[in-house]
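Listed below, chain by chain, are the residues.
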Amino acid sequence: MSITIVHPNVENLQSFSDLFDLEKLLQSDGILPWLLANGWKYDDQSCLIANIVDESTSINEVWDSKEFDFNALSDESKEKLNQIFEHFYL
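Remember, it's a predicted structure, so these values are computed and weren't measured experimentally.

Definitions and limits used
Residues numbered from 1 in each chain as written. Predicted model: local features only at pLDDT ≥ 70, side-chain atom pairs only at ≥ 80, totals over all residues. Heavy atoms only, no water. Salt bridge = Lys/Arg side-chain N within 4 Å of Asp/Glu carboxyl O. Helix = DSSP H or I, 4+ residues; strand = E, 2+ residues; numbered from the N terminus. pLDDT = per-residue confidence, 0-100. Polar contact = N/O pair within 3.5 Å; in protein donor to acceptor, adjacent residues only side chain to side chain. Contact = heavy atoms within 4.5 Å. Core = buried A, V, L, I, M, F, W, Y, C linked by side-chain atoms within 4.5 Å. Buried < 20%, exposed > 50% of the residue type's maximum accessible area, 1.4 Å probe, protein only. Expected span 1.5 Å × (residues − 1). Arc of directions from axis to C-beta.

A. Region of interest: the pattern of salt bridges. Applying the stated criterion across every chain, the model contains one salt bridge. Between Lys78 and Asp75 there is a salt bridge; the shortest N-O distance is 3.8 Å. Of this pair, Lys78 and Asp75 both sit in helix H6 (residues 75-89), three residues apart, roughly one helical turn.

B. Just the confidence of the model for the chain, in detail. Across the chain, the average pLDDT comes to 87, with 98% of residues at 70 or higher. Averaged pLDDT values for the elements of the chain fall to 80 in helix H2 (residues 22-26) and rise to 93 in helix H4 (residues 44-55).

C. Inspection of the side chain of Ser56 at higher detail. Within the secondary structure, Ser56 is located in the loop between H4 and helix H5 (59-63). Here Ile52 takes part through its backbone oxygen, which lies 2.6 Å from a polar atom of the side chain of Ser56. The contact partners of Ser56, leaving out residues within four places of it in the chain, are Glu61, Val62 and Tyr89.

D. Focus on the nonpolar core. Core analysis: the largest hydrophobic core is formed by 23 residues, its most contacted members being Ile31, Leu35, Ile49, Phe70, Leu81 and Phe85. Of all the secondary-structure elements, those providing two or more residues to this core are H2, helix H3 (32-37), H4 and H6.

E. Fine view of H4. Compared with the 16 Å implied by 1.5 Å per residue over twelve residues, the 16 Å span of H4 between its first and last C-alpha is a close match. Among all positions of H4, only Ser46, Ile49, Ala50, Ile52 and Val53 are buried. Angular distribution of buried residues about the axis of H4 spans 160°; they occupy a single face of the element. Opposite its buried face, H4 presents the exposed residues Asp44 and Glu55, each directed more than 90 degrees away. Those residues of H4 hidden inside the fold are in contact with H3, H5 and H6. Where H4 begins, the side chain of Asp43 points an oxygen toward the backbone nitrogen of Gln45, at a separation of 3.2 Å.

Spelled out as structure tokens, the structure:
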């Protein structure tokens, strides 16, 4: 299976437009726009993941987080997150 990471833009975030200001979100330096653009729901889980990533200094620090059990995610979700993290951290 191949997973393609989508760059956040207005078109692929349109379904969330009633939840927040898209223009402000797209100017964000954080990872939340990447999660939402790649199919993650705008919920407490994705916000927690975004906070962990934004506060971490490496991919390993994210995966080793005590705040969220990344190992409990499906293999597909972990693969997608790993690709987003790699893109975000490079």
